[in-house]
Structure formats: structure tokens, C-alpha cells
Amino acid sequence: MRRVKMRLVWATAFALAIGVTAAQAQQPKRGGTLTYTFHPEPVAISTIATTAVPVALAATKVYESLLEYEGPGLEPKPGLAESWTVSPDRLTYTFRLRDGVKWHDGKPFTSEDVKFSIESIVRPFHSRGRTYFGEVTAIETPDPRTVVFKLKTPVPYFLKAFQAGESPIMPRHGFTEDEISGNRIRQAKIMQQPIGTGPFKLKEWQRGSHIIFERNPDYWKAGRPYLDQLVLRVLPDGAARAIAVEKGEVDLAPMSALPPAEMQRLSKLPNLVSSEQGSEALGPLMWLEINMREKPLSDVRVRQAISMAIDREKLVDVIWYGNGKPSRGPIVSGNPVHFDKTLKPFEYNVQKANRLLDEAGYPRAAGNVRFKLTQNFLPYGEEWVRQAEYIRQELGKIGIQVETQSVDMGGWLRRIYTDWNYDFTSNFTHNYVDPTIGAQRAFTSDNIRKGASFSNSMDYRNPRVDELFNKAAALDDGPERNQAWKELQAILREEMPVIFLIEIGYTNIWNKRVHGLLTNGISMYSGWDGVWVE
Amino acid sequence: MNTARFIARRLLQVLPVVLAIAAMNFLLLQLAPGDAADILAGQMGHASPELVEQMRRDFGLDRPIYQQFFIYLGKLLSLNLGTSNIQQRPVTDLIMERLPATVLLMTTATVVAVALGVLLGVAAARRSGRWLDSVISVLALVVYATPAFWLGLMLIVLFSVYFDLLPSGGMMTIGSGKTGLTLALDIARHLVLPATTLGLFYVAIYARLMRASMLEVYNLDFITTARAKGLTEGRIAWTHAFRNALLPVVTLAGVQFGHLLGGSILVETVFAWPGLGRLVFDALLQRDLNLLLGILFVSSVVVILANLIVDLTYGFLDPRIVHK
């Protein structure tokens, strides 16, 4: 029922966004303030400093990129670039920039800013900069309104790279020579005092309390943004955030900003809307990462048995309060292009799991125990602890004695990705708009690299998987590429270098007085110039 | 004159203590696995080992521990607390932004707690063994045993959600543009619930301590003498017993000041109070070494100063105590 309602909300929002006037759709109103809450507080207002959620939420209102996007799969639309052409060999992309765009400090925006941003800021400093622009050999600026990207080899998702959070265009004049030459980009003043081209500009930042963004009066879209102000309230306590939303002090809690139990409670209130839509292009995915270096976890039957011992439906309903759905493989089911829709849910079958472990040569010994494993979990909050407890209990039923270790984020990252000193751990990753960006790094053997976070910590090596990922990375979307994804999904489901658990939804909860939030697969990381309040 | 020399000597003693504390903090923090570069890499989702190494170099975390330590000490001696690794801003700025909020909250809570606690403690002691004493003692125990975050949430539900009398969090109305007196009143309104939550916990402590201390003093000979002289009970309590019984309370208040950071973390979290408590908590989780060291340094200085003030107050309360 709730899902149906959400689809309606989504459809209405979409209709609004593309300008179809639904009979009941209201006319957007200009003015007013939208207050949202998130914790922790951003450490900077630029995704160059870090791409952490609070930073991306704030920075995407201030900065823009060359393109904007529509729909869950991110169809490119004009942004700072009003048009673009792609050469037949897909090695040259030419962007025509919009005329008359101004930075928040009044200076004109030019092609030099684009070249500088991608070459000197995004590629070296953004966490996915090398993924997007590693193949770029040259960026040419024949005139102030033209930018030409030359590529070494085709990149299938190149036109999806120009998102405000992924490839923000920053002003060349916003950095001092000292900051650029001294390699002090992350410490640059502009990280705290942003100068963008976006619909909102920073007005006030009271640390530990709030940030106020105000309308950019010179924004290039006529009549936009609708809102006068955008306010971030930093509320560190989850229950206090929920109360603020419930009371109407806060209009929006984006990206699962509230504890799951509170989200479930608030989603039933008449004045609020709750939706998991709008994050399709992020593709959040949660799995158990398995250290395959030693027995018994090097045995595929053991991994399959673990998978079969976990009831994913129950996990979603009980631990995550209905937030999310069972995972069906390395690509999220919300991905409209690359997900293989014929894939079935993973089997939950304790008997079969026991049989697999018997076959693998691990009979039950004293105390009904076959073997012992150590479990880590992502230190993101109490749900992760409870999930670890649930997994410990379920694996106990098939004779695997699990000891759970608790460490904080610094310790977790060290242990999993630098020391490789673990048996299995829960983990949370993103597909992003294309599996080449988000999934490849976890499964190919060249990503077995000590110290690389969210890489192939499992020591999973399969030449066919490497080959397929590399093939898909060079093809444009189409039947041939989809065939590669299909085979990859089948292999990874079978070999289980990780146990795919659930697609945790990013739930957004907002007051009904707010309109126009859902526009595409990165709705919360969009500029919100079309958002309005009653 | 004596007092001035005492203060000067105590301040000189402070220096080695502060350095020792800084050294211990530094070494203790090395025990936690992972560093700020790990955390930033984790936040970024997919940082290459090269990027992590680059950050580690930028932060100076690739040097041997002893080098890092001496660099840190050198900076500390010139009162330079360095730059936060995670936030990339001067530690002094980060602390100074938050210090006033914490000092305001703690001072209000402490003043209210001491005043109320002392009054209740005296009242309970004067009616020792009777119903008022029992009521105060039991209430004090209940409040003392109540977790601050729960009490805070209940106060929010009651006064903010249900009666809609007070704001649920924050330090001031956002974007109201208030100044002067109206701003002060606005902050006061926001201060009521967090200061009450924090204060109630301490009221309980002070009330119990003051009661015990008063009862002890009541058993001393000079009180018996006072009674024999025919003084009224009120006069005995306030003029004779009170000042003597206050000594342990003052000692405790000085020690409690050390909780300036620790004690307020939960309350600052629940009420979104933009103070130091939250900053230290986040810094710890994020392995923000410089920021943590900076806050610990500032807090140790504050504790030392608070204890100095306590020592001086002794002499005022009990003239027999002379500072040599």
C-alpha cells in the first residue's frame, strides 16, 4: 500500500518536473524557507573536501556542473552547458556553455573555470575524479564559451559524470596561487566560503547549529529558485530530529536522516510524506564482505550456506523497520538499465545450508559447532549492531559460532582494508549511476589493494569477472554491454565473494507543504531550484 | 601578599602539569587504530591508496611518532594548536566557536544546581529523619539515577511538543536577526531545557552532599555550644553550620568543572546545543588528532584554573586555611 502511494507521489513529482500539468497539481509559489536536518554537520561546502552525504547535500545547492539530469537513470539535460556534441568515435565531447552565467561574487563564468575545475580540482581531489576523467587526455578551451574534452578510450558513462556533486565547477579565481601550488586545495578558504553558480548561496554558517543559504538573485534560470532560503539545522540526536520533523520545525529529513524506527513511525503521520524514491542513481547496497583468503570461507559452499541461513525479508522488516528490500545481486534492482530483471530472490533454506556445510567437510563437533568465525560490522548505528546480533543467531543455527567484534570507523577501515584482518563484516556501498563506477571496484582483482577503502578486500580473483568488467567499461549501453552485466550478475551471485543482503533504501521524509523534491535518481543531490513550499 | 605569591607559584606549577597531560593525551590517542586519513578515505567512499598516502603526508601522519610528538610540543609551546585534519581549519577557531556555548550552559547549570542543591540539602539536614528529608533524599536519588538524555527527551516531549512552550533545540531562533536584549531573551528561552536537564543531575549530587556535610557539622562541639547559648535553629544553620558545611560542596564544584566537556556531551546532543562536548565526541570518532589534542589541552587548563579558584575559595570560607 505504502509503495503504491509512493509511486503516486513520484509520478506527480515527475509530472511537475517535466511541466505536465496534472489536474490536481498546484502552481509553484515563490518565496518561503525550506528547513532540512541532517547529522553530522558538513565539514565543508564542497564535495572536493569529501563526498560524505552531509557535504554533498549542501554543496549541490551552491555548485553546479555542466549538465542536469532527468529521471531515475539520469538522462542528461542542459545545465551550465546549453548544448553538447559527441564525435562518432566517442573520443571528443564538445560543450557549448551558457552565456551570461555569473559566479556568486559577480564575476563571469567561463570555459577556463571548467578546464581548471576538472583538471586541477575534480580529477586529482574528488574521490571519483580519476574514475570519471582518468581517460581524458586534454581539455581545450578555444573560446570562453566552448570546452572540448579529448579522451584516450571511450567512457560509457562520460555524459553522466557532470553532476553537481560529482564534477562541481568551481571558480579559478576562488583559489589563491598559494593554495593551488602548495597543494592546499582541501584547506582552501573557498571550501568553507563557497562561490558557486548554483541557485543558492551561503548566507550564514553558525557551526554546530545551522547553515542558511539564500536565493541567488542572479541565477541563470529565470524566476528560479522558488525558495527564498534554505536552512540546514544540525540536530545531533536522532530522536530530537524526529521530533523536529513531527512538530513541523523542520520540513525535510533527507537520505535516511532519521533512525529507522522513527522513520516508520513518522511515515504514518498525515502531515508527512515518506519515500524511498529519488536515490536510484546512487544505488545503495548492503552486503556481508567475506575474507576468502583462508578456510573455511575460501570454500564457495560455505559462503552459499551462510547466504541461505539468512532470512533477508525478516532482516528488512525487523531490523530495518521495512526500510529497503532484499538484494538480488551486485546491481541494485532500481537500476533501470543494467539490472537483470529475471534474477530471483536469494534462497532462504536452513536445511540446505546445513547440507552444504556437511558436504564441504565441516561436521558438527562438540557443542554442535562446526567452526568459529569473527564478525565485524559497520559502526553506523544501532541497527547495524542488531543486524550483527541477528546474523550471529542465524549462523548459530547452522553450527557456525560467531564472535562479534565492535570497533569504530577508524578501526573498522584499518582492519578491513589495510590489515585485511577479519572473517566477515557488514558493508554498505553504492552502485552509483553505472556499475562500472560503483561495482567494479569491489570485484576485480586489480582492486585487491592494501589501504584502498571499499575495494576488493575479499581477495576475490576470477579472470572472467575481470574480463567482463573491463569489457563493460569500454562499451556504450546496449545489448552487448547488458549481456556482460547479465553474466557478471550470474557469476557473482553464484560465487558469492560477498553475501548480498539488502538494498537499504534512502528514505526521505518531508512535510506536505513542500513540493517538487523528487526530480531524478539523485534528487537530494540536485539544486532544488524547482522546490517550493506552500 | 601571601595569596599573590601562592597564585604565582601555583601558575608556575601548571606548566609541567599541562605538558605532562599533553604528552599523555598524545600517546593515548596513538593507541586507537586508524587515523584521520583512513576516516576521510572512508567518507569519500572510494579513495585510492595513493590519495590516502597523500593525505597522510599532508597531515604529517607519515612521520615517526616521536617526530610528530616533538613537532606538536614545539607548536604547543608557541600556543599554536595546529589545524584540524578533518575540518581543515585552525583548531583554535573551532574551539573558540564552541567554547562560549558550553561555558554558558555549564555555568548556568552549575549555578542553578549548586544554589538549589545547597538549599535542598540544608532543608533536608535541618529536618533530618522527618518526611521532608525523606522526600528530598528520594527525589534526589531518582533524579540522579535518571539518564540525562532520557530526561532531556522527556522534557522536550512535555514542554516543547505537548505544551509548545519552549524550543526543542538549538541555541537561538535561526535567521531571526535578533540583537541585544531580544537576542539574550531568545538564548535564555533556548537555555531553559538543556540547563535544567544538566542542572537536575547536579542538584541531586549537591543536595545529598550538602545534607551529609550539614549533619556532620551539626555533630560538632561548636554547634552544641551555639545551641547551649540559646541561638535559634535558623541562626545556627545559616551562620554557624552553613559556611563550614560548604567546603566539600565547593571542592566538588571545582572537580565537576572538569566535566565541562564530558558531562555535557549527551545534553548538547539531545538539545543540539552547539558546544564543545559534541565537537570532542565527533573529533574522537573521526580520529581528528589535532582537534582532540587541542580540546583536551584547553579543558585541562580550564580544570587546573578551576581548582586554583577552589583553593582560593577555601581561604575565604574558612579563614584558618592559609595559603603558604
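Keep in mind the model is a prediction, meaning the values are calculated, not measured.

## A closer look at the overall build of chain A
Within chain A, the secondary structure is distributed over 16 helices and 21 strands. Expected size for 534 residues packed as a compact globule is a radius of gyration near 24 Å; at 24 Å, chain A falls within 12% of this value. For the C-alpha atoms alone, the extent of chain A along its principal axes is close to 75 × 55 × 45 Å. Classification of the 534 residues of chain A by burial places 61% in the buried group. Look at the contacts in chain A between residues 6 or more apart in sequence, and 70% of them connect residues 24 or more apart.

## Comments concerning the packing of helix H9 (residues 221-228) of chain B against helix H10 (residues 233-256) of chain B
All names here are of chain B. Their axes nearest at 10 Å, the elements H9 and H10 cross at an angle of 160°. Between H9 and H10, the angle falls in the class roughly antiparallel. Of the two elements, H9 crosses H10, and the hand of that crossing is right-handed. Side by side, H9 and H10 meet where Phe222, Ile223, Ala226 and Arg227 of the first sit next to Glu233, Ile236, His240, Ala241 and Asn244 of the second. Of the residues that constitute the contact of H9 with H10, the class distribution is five nonpolar, two polar and two charged.

## Notes on the packing of helix H1 (residues 2-30) of chain B against helix H13 (residues 289-317) of chain B
Residues and elements named next belong to chain B. The N-to-C vectors of H1 and H13 enclose an angle of 150°; their axes lie 9 Å apart at closest approach. With respect to each other, H1 and H13 are oriented roughly antiparallel. Along this stretch, H1 crosses H13, giving a crossing that reads as right-handed. For the contact of H1 with H13, the residue count by class is 20 nonpolar, five polar and two charged.

## Topic: unusual backbone geometry
Residue and element names in this part refer to chain A. Cis geometry marks the peptide bond from arginine 224 to proline 225; its omega dihedral reads -5°. Looking at where proline 225 falls in the secondary structure, it is placed in the loop between strand E9 (210-215) and strand E10 (229-233). The omega torsion across lysine 295 and proline 296 is 0°, close enough to zero to call that bond cis. Backbone geometry places serine 256, a non-glycine residue, at a positive phi of 55°. With respect to the helices and strands, serine 256 occurs in the loop between strand E11 (252-253) and helix H7 (260-266). Here serine 256 falls in the partly exposed class, since its relative accessible area comes to 24%. Phi at tryptophan 528 is positive, roughly 60°, even though this residue is not glycine. Its place among the elements puts tryptophan 528 in the loop between strand E20 (514-515) and strand E21 (532-533). Given a relative accessible area of 4%, tryptophan 528 falls into the buried group.

## Some details on the interface of chain A and chain B
Often, the extent of an interface is quoted as the loss of accessible area on bringing the components together. At the interface, 48 residues of chain A touch 51 residues of chain B. Across the chain A/chain B interface, buried area totals approximately 4,000 Å², and carbon plus sulfur atoms make up 55% of it. One can count six salt bridges joining chain A with chain B. In this structure, B:Arg287 engages A:Asp408 in a salt bridge whose closest nitrogen and oxygen atoms are separated by 2.6 Å.

## Some details on the confidence of the model for chain A
Residue and element names in this part refer to chain A. Model confidence for chain A is summarised by a mean pLDDT of 92, while 95% of its residues fall at 70 or above. Below pLDDT 50 for its whole length, residues 1-8 participates in ten contacts with residues either more than four positions away or in separate chains. Within the model, the stretch residues 14-24 combines pLDDT values under 50 with nine contacts to residues more than four positions away or in other chains.

## With respect to the environment of A:Asp237
With respect to the helices, strands and loops of the structure, A:Asp237 is situated in the loop between E10 and helix H6 (238-247). Placed 167 residues apart in sequence, A:Asp237 and A:Thr404 show a C-alpha to C-alpha distance of 26 Å. When near neighbours in sequence (up to four residues on either side) are disregarded, A:Asp237 contacts B:Leu153, B:Thr269 and B:Val270. Looking at A:Asp237, its side chain comes within polar contact range of the main-chain nitrogen of A:Ala240, at 3.1 Å.

## Observations regarding empty space enclosed by the protein
In the structure shown here, the tally under the stated rule is ten cavities of 30 Å³ or more. Reported here for the largest cavity is a volume of approximately 70 Å³. By residue class, the composition of the lining of the largest cavity is seven nonpolar, four polar and three charged.

## Digging into the packing of aromatic side chains
Two aromatic rings, taken as a pair, are described by how far apart their centres are and by the angle between their planes. Residue and element names in this part refer to chain A. Counted under the stated rule, the structure contains 37 aromatic pairs over all chains. Ring geometry for phenylalanine 346 and phenylalanine 500: centres 6.2 Å apart, planes at 20°, overall stacked. Here phenylalanine 346 is found in the loop between strand E14 (325-326) and helix H10 (350-359), whereas its partner phenylalanine 500 is found in strand E18 (residues 498-503), with 154 residues between them in sequence. The burial state of phenylalanine 346 is the same as that of phenylalanine 500; both residues are buried. Ring geometry for phenylalanine 443 versus phenylalanine 469: centroids 6.5 Å apart, planes at 5°, classification stacked.

## Structural notes on a nonpolar patch on the surface
Residues and elements named next belong to chain B. Together, Phe149, Trp150, Met154, Val157, Val161 and Leu266 make up a nonpolar patch on the protein surface, roughly 520 Å² of accessible area in all. The dominant element in the nonpolar patch, judged by the number of residues it contributes, is helix H7 (residues 148-162), at five residues. Residue position: tryptophan 150 is located in helix H7. On the accessibility criterion, tryptophan 150 (44% relative accessible area) is partly exposed.

## Some thoughts on the sheet that holds strand E15 (residues 371-376) of chain A
All names here are of chain A. The six strands are arranged E14-E18-E13-E17-E15-E16 in an open sheet whose pairing can be described as mixed. Strands at the two margins of the open sheet, each flanked by one partner only, are E14 and strand E16 (400-405). Where E14 meets E18, two bridges bridge the pair, whose relative direction is antiparallel. For lysine 325, the partnering residue across the bridge sits in E18 and is glutamate 503. In the packing of helix H9 (residues 312-319) onto the sheet, contacts are made with E14 and E18, and the angle to E18 comes to roughly 45°.

Calculation criteria
- Residues numbered from 1 in each chain as written.
- Chains lettered and ligands numbered in written order.
- Predicted model: local features only at pLDDT ≥ 70, side-chain atom pairs only at ≥ 80, totals over all residues.
- Heavy atoms only, no water.
- Helix = DSSP H or I, 4+ residues; strand = E, 2+ residues; numbered from the N terminus.
- Rg over C-alpha atoms; globule rule 2.2 N^0.38 Å.
- Buried < 20%, exposed > 50% of the residue type's maximum accessible area, 1.4 Å probe, protein only.
- Contact = heavy atoms within 4.5 Å.
- Axes fitted to C-alpha atoms, helices over the stretch in contact; angles between N-to-C directions.
- Parallel < 35°, antiparallel > 145°, perpendicular 65-115°, else oblique.
- Left-handed = near helix turned anticlockwise from the far one by under 90°.
- Nonpolar A, V, L, I, M, F, W, Y, C, P; charged D, E, K, R; others polar.
- Buried area = accessible area lost by both parts, 1.4 Å probe.
- Salt bridge = Lys/Arg side-chain N within 4 Å of Asp/Glu carboxyl O.
- pLDDT = per-residue confidence, 0-100.
- Polar contact = N/O pair within 3.5 Å; in protein donor to acceptor, adjacent residues only side chain to side chain.
- 1 Å grid on protein atoms, 1.4 Å probe; cavity = no way out; pocket = protein on both sides within 12 Å on 5 of 7 lines; lining within 4 Å.
- Points joined across faces, edges and corners; volume = space filled by probe spheres on them.
- Phe/Tyr/Trp six-rings, centres within 6.5 Å; stacked < 30°, edge-to-face > 60°.
- Patch = residues over 30% accessible without salt bridge, like charges linked within 9 Å, V, L, I, M, F, W, Y side chains within 5 Å.
- Areas by Shrake-Rupley, 256 points an atom, 1.4 Å probe, with all protein chains shown as cover.
- Pairing = 2+ DSSP bridges.

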